[in-house]
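Given next are the chains, with one letter for each unit.
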Amino acid sequence: MKVARFYAPGDVRLEDMDEPTPGPDEVKIRVRNCSTCGTDVKIFNNGHPNMTPPQVMGHEIAGEVVEVGSDVSGWSIGDGVQVIAAIPDGTCEECRRGRLTVCTNQTSMGYQFPGGFAEYMIVPRAVLAVDGLNRIPDGLSFAEASVAEPFACVLNGQELAGVGDGDDVVVVGAGPIGCLHVRLARARGAKRVFLIDLNRGRLDMSASAVHPDAAICGAEVDTIDEVKKLTDGRGVDVVITAAAAGKTQEDGLQMLARGGRLSAFGGLPKDKPTITVDANLVHYRELTIVGANGSSPDHNKRALAMIASGEVPVNDLITVRLPLDRVHDAIDTVARGAAIKVTIEP
Ligand SMILES: [Zn+2]
């Protein structure tokens, strides 16, 4: 079978490998869609400390069951399935306290386990142990189901930031994650959602899909002024930064209304992880800064259900579909921000 394996920064190879054989406590799937995201670009450029090369990349995985280990029950050949990406151990102190997204022993598909840029893949025991293999609801395509994983992370982020009824929300970063944030904020009852990006082309492309109440180009206007103007000086209830620049977090704090919440959704570069915070602003205005680290198996289940119900449609966000042998084009397209969602169809 064909796979795309990471060897070193800038060195991802298309190779032929033997099809994997599932152990008694594993499930083998034929990967039908594995979508790509900014993390794949980061891995391509820098590798990842949790990944030992060579490794099959890809973590937004949907496919169909082709073989079921003898000790596994509940799955049959032909079942459509979506696979979690971040795998909590389910047993550490944080997991026992119900905080599965910050499991201290978290592993991931495409890092410790071979991922979905392959024709076939093993769903490891660790995934099955935490109920991380999800049945794709009727009527949902494999491509749509593959977006459940990034959408699950978005869901986690907005739950932690408490996005709800009547909120004014700013989303910084008009990539696929930003688009999902705009749609989810609306589904959760936000009053107005404003989308910000530095790249005018990407902003227009995404805005024409998800229709924010305002699309603000950071290269053309002062985004803080603009948000203040749009809200009659009050600011917004929530700012979500889906961008890898500390400046967006610093600016985000200035955009918040009293009682506002800043979601540091996107991570910052390893060599530039600090920002400057006016702690008096946080103090007097009762601001909250929250993080977001991936998603739990339950977030994945609910994300799939919300996509299937039409609450948060994703089909129109999948703008590029490529075969596995064009994985380099896929990563390049994501890196350039030239598409909303790029999916690989092995
Ligand atoms: Zn844990």
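The rules behind these values
Residues numbered from 1 in each chain as written. Predicted model: local features only at pLDDT ≥ 70, side-chain atom pairs only at ≥ 80, totals over all residues. Heavy atoms only, no water. Pairing = 2+ DSSP bridges. Helix = DSSP H or I, 4+ residues; strand = E, 2+ residues; numbered from the N terminus. Axes fitted to C-alpha atoms, helices over the stretch in contact; angles between N-to-C directions. Contact = heavy atoms within 4.5 Å. Phe/Tyr/Trp six-rings, centres within 6.5 Å; stacked < 30°, edge-to-face > 60°. Lys NZ or Arg CZ within 6 Å of the ring centre and 35° of its normal. Donors = N, O, S within 2.8 Å, 3.2 Å for Na, K, Ca; no water. Tetrahedral: all angles 85-135°; square planar, octahedral: opposite > 155°, others 65-115°. Buried < 20%, exposed > 50% of the residue type's maximum accessible area, 1.4 Å probe, protein only. Core = buried A, V, L, I, M, F, W, Y, C linked by side-chain atoms within 4.5 Å. Domains from an automatic or database assignment. Buried area = accessible area lost by both parts, 1.4 Å probe. Salt bridge = Lys/Arg side-chain N within 4 Å of Asp/Glu carboxyl O.

1. What about the sheet that holds strand β16 (residues 288–290)?
Then, in step 1: Spatially, 6 strands are ordered β13-β12-β11-β14-β15-β16 in an open sheet, and the strand pairing comes out parallel. At either margin of the open sheet sits one strand with a lone partner, and together these are β13 (214–217) and β16. Strand-to-strand, the axes of this sheet are offset by a mean angle of 20°, without reference to chain direction.
Then, in step 2: One ladder, built from 4 bridges, connects strand β11 (residues 168–172) with strand β14 (residues 236–241); its direction is parallel. By the bridge assignment, Val170 is partnered in β14 with Val239.
Then, in step 3: In the packing of helix α5 (residues 148–161) onto the sheet, the strands contacted are β14, β15 (256–263) and β16, and the crossing angle to β15 comes to about 150°.
Then, in step 4: Strands in contact with helix α7 (residues 200–210) are β12 (192–197) and β13; relative to β12, the strand with the most contacts, it is inclined by about 155°.

2. With respect to the packing of aromatic side chains
Then, in step 1: Scanning the model with the defined rule gives 0 aromatic pairs in all.
Then, in step 2: Directly above the ring of Tyr7 sits Arg13, whose terminal nitrogen or CZ lies 3.7 Å from the centroid.
Then, in step 3: Stacked on the ring of Tyr120, the Lys or Arg Lys28 has its end atom at 4.9 Å from the ring centre.

3. Comments concerning the coordination of the zinc ion
Then, in step 1: For the zinc ion, the full set of protein donor atoms is Asp89 (OD), Cys92 (SG), Cys95 (SG) and Cys103 (SG), and the range of their distances to it is 2.1 to 2.4 Å.
Then, in step 2: For the zinc ion, the 4 donor atoms are set out with angles of 96 to 121° between them, so the coordination reads as tetrahedral.
Then, in step 3: Each donor residue of the zinc ion lies on the same chain, and together they follow the pattern D-x2-C-x2-C-x7-C.
Then, in step 4: Judged by its relative accessible area of 26%, Asp89 falls in the partly exposed class.

4. Some remarks on the nonpolar core
Then, in step 1: Among the nonpolar cores identified, the biggest contains 43 residues, and Phe151 and Val169 are the most heavily contacted of them.
Then, in step 2: Breaking this core down by element, the ones donating at least two residues are α4 (142–146), α5, β11, α6 (176–187), β12, α7, β14 and α11 (297–309).
Then, in step 3: The greatest single-element share of this core, amounting to 7 residues, is contributed by α5.
Then, in step 4: Viewed by domain, this core spans two of them, domain 1 (2–147 + 314–345) and domain 2 (154–290), each represented by three or more residues.
Then, in step 5: Setting aside anything within four residues of it in sequence, one finds Val169 in contact with Val163, Ala185, Ala190, Arg192, Val193, Phe194, Val236, Val238 and Ile240.
Then, in step 6: The next biggest cluster of nonpolar side chains, apart from the first, holds 40 residues, and it includes Val41, Phe44, Val65 and Leu133.

5. A few points about the pairing of strand β3 (residues 27–35)
Then, in step 1: Counting buried residues along β3, 7 of its 9 residues qualify, which places the element largely inside the surrounding structure.
Then, in step 2: With 8 bridges connecting them, β3 and strand β5 (residues 60–68) associate as antiparallel partners. Residue pairing in the sheet places Val31 in a bridge with Gly63 of β5.
Then, in step 3: As paired elements, β3 and strand β9 (residues 120–123) share 4 bridges and run antiparallel to each other. Of the residues in β9, the one forming a bridge with Val27 is Val123.
Then, in step 4: In this structure, β3 lies alongside strand β18 (residues 341–345), joined through 2 bridges in antiparallel fashion. Residue pairing for β18: Cys34 is matched across the bridge by Ile344.

6. Topic: the domain arrangement of the protein
Then, in step 1: Segmenting the protein into domains produces domain 1 (2–147 + 314–345) and domain 2 (154–290).
Then, in step 2: Measuring from the centre of the C-alpha atoms in domain 1 to the corresponding centre in domain 2 gives 29 Å.
Then, in step 3: Contact residues are listed per partner, giving 10 residues for domain 1 and 10 residues for domain 2.
Then, in step 4: Across the domain 1/domain 2 interface, buried area totals approximately 890 Å², and carbon plus sulfur atoms make up 65% of it.
Then, in step 5: Among the residues domain 1 hides against domain 2, the three largest losses belong to Leu317, Gly337 and Ile340. Together they make up 50% of the total.
Then, in step 6: At the junction of domain 1 with domain 2, the criterion picks out 1 salt bridge.
Then, in step 7: Between Arg183 and Asp316 there is a salt bridge whose closest N-O contact spans 2.8 Å.

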